[in-house]
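Chain and residue survey
The residues making up each chain are set out below.
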Amino acid sequence: MGTFRHERLAPCAQLAGLVEHYWFVGWDMHGHPPQQQETLPHPNVHLVIEHDSDGVYGVHTARYTKLLAGQGFAFGIKFRPGGFRPFLGRAVAEIADQRVALAQVFGSDGNALARQVRACAPASAPHAMAAAAQAFLLARLPLPDADTGRAAALVAAIAADPALLTVDALAAQAGSNKRALQRLFQQYVGVGPKWVIKRYRMHEAVAQLQAGAAVELAQLALRLGYYDQAHFIKEFTALVGKPPGAYLRHLRPPATR
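Here goes a summary of the coordinates provided. (Residues numbered from 1 in each chain as written. Predicted model: local features only at pLDDT ≥ 70, side-chain atom pairs only at ≥ 80, totals over all residues. Heavy atoms only, no water.)

**Digging into the sheet that holds strand E5 (residues 54-57)**
Formally: In this scheme, strands are said to pair when DSSP sees at least two bridges between them. Counting from the N terminus, the helices are DSSP H or I runs at least four residues long and the strands are E runs at least two residues long. In what follows, a contact means two residues having at least one pair of non-hydrogen atoms within 4.5 Å. Axes here mean lines fitted to C-alpha atoms, for a helix over just the part in contact, with angles spanning 0 to 180 degrees between N-to-C directions.
Pairing in this open sheet of 6 strands is antiparallel, and the strands run E1-E2-E7-E4-E5-E8 from one edge to the other. Since the sheet does not close on itself, it has two edges, and those belong to strand E1 (3-9) and strand E8 (99-100), each with one partner. Relative to strand E4 (residues 46-50), helix H3 (residues 108-118) is tilted by about 55°, and along the sheet it contacts E4, E5 and strand E7 (71-79).

Written as structure tokens, this is what we have:
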């Protein structure tokens, strides 16, 4: 199986409105076959520095897979929905499903951060890496932006309420109109509100299947806003990699960064 190390670290109070957490994954697969790791998509931007690459990853709209081989690590900053917009300075939708070089966003300082993170001693790597990343962000702390917090609050409301199924319902709850909501999400979140709603409802389906309770797929599809069970199964399969029935039989939930 190899050895794995996975840690999450909370940001300081000054960055808590922009950064969800720092994360670290280390692996040593020597003597073992490579393993494929999967993560389900969330509406978050990640700044990732690995032993051999780095970049800013926009919201990934499909299941993300990575083959772990040999020995290596990945350190990341998971920004809150809307939290990367002040650093990027343009619509986050422009980098959806893309990896952008650190230097394109932060200039030569981005490359310097990558070198600093890679130089951290293995024993204290996660904490030292997080400290370097935190100092980097604090030195570039943006001015307060009300829309950053508003975008994060709207995404949190979607995640927390399984009964919230439509953009119309979200707009009514936000006291906004659909067009303004869509502009806000494109600028700050990186994907539209409909995508966010559908992804969190699909996460809810995965969670219910993982819980092991008896689930009638037709009823589950209806509760999550799907009027056609076949459509639900198609989207579940595209996201998770197998249809719900097969997922139940071979329950191996994808990891979450």
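Still more to cover.
**Description of empty space enclosed by the protein**
How we decide: Think of a 1 Å grid over just the protein atoms. A cavity is a set of points where a 1.4 Å probe fits yet cannot get out, a pocket is an open set with protein on both sides within 12 Å along at least five of seven lines, and lining residues have an atom within 4 Å of a point. Grid points are joined across faces, edges and corners, and a volume is the space filled by probe spheres set on the points. Here the term charged refers only to Asp, Glu, Lys and Arg, the term nonpolar to Ala, Val, Leu, Ile, Met, Phe, Trp, Tyr, Cys and Pro, and the term polar to all other amino acids, Gly among them.
Here the structure, examined in full by the defined rule, presents 2 cavities of 30 Å³ or more. Space inside the second largest cavity adds up to approximately 30 Å³. Around the second largest cavity sit Pro43, Asn44, Val45, Arg80, Pro81, Gly82, Gly83, Phe84, Val92, Tyr188 and Val189, which together line it. For the lining of the second largest cavity, a count of residues per class yields 7 nonpolar, 3 polar and 1 charged.

**Comments concerning the pairing of strand E2 (residues 19-28)**
Note the threshold: Each residue is placed in one exposure class: buried if its accessible area under a 1.4 Å probe, protein chains only, is under 20% of its type's maximum, exposed if it is over 50%, and partly exposed if it falls in between.
In terms of burial, E2 is a largely internal element, 7 of the 10 residues being buried. As paired strands, E1 and E2 are joined by 7 bridges and run antiparallel to one another. Bridging across to E2, glutamate 7 finds its partner in phenylalanine 24. One ladder, built from 9 bridges, connects E2 with E7; its direction is antiparallel. Across the sheet, the residue bridging to histidine 21 is lysine 78, located in E7.

**Some words on the pairing of E5**
Here E5 shows two buried faces, one formed by Asp54 and Val56 and the other by Gly55 and Tyr57. One ladder, built from 4 bridges, connects E4 with E5; its direction is antiparallel. Bridged to valine 48 within E5 is glycine 55. Adjacent in sequence and paired antiparallel, E4 and E5 are bridged by 3 residues. Pairing analysis gives 2 bridges linking E5 to E8, with the strands arranged antiparallel. By the bridge assignment, tyrosine 57 is partnered in E8 with arginine 99.

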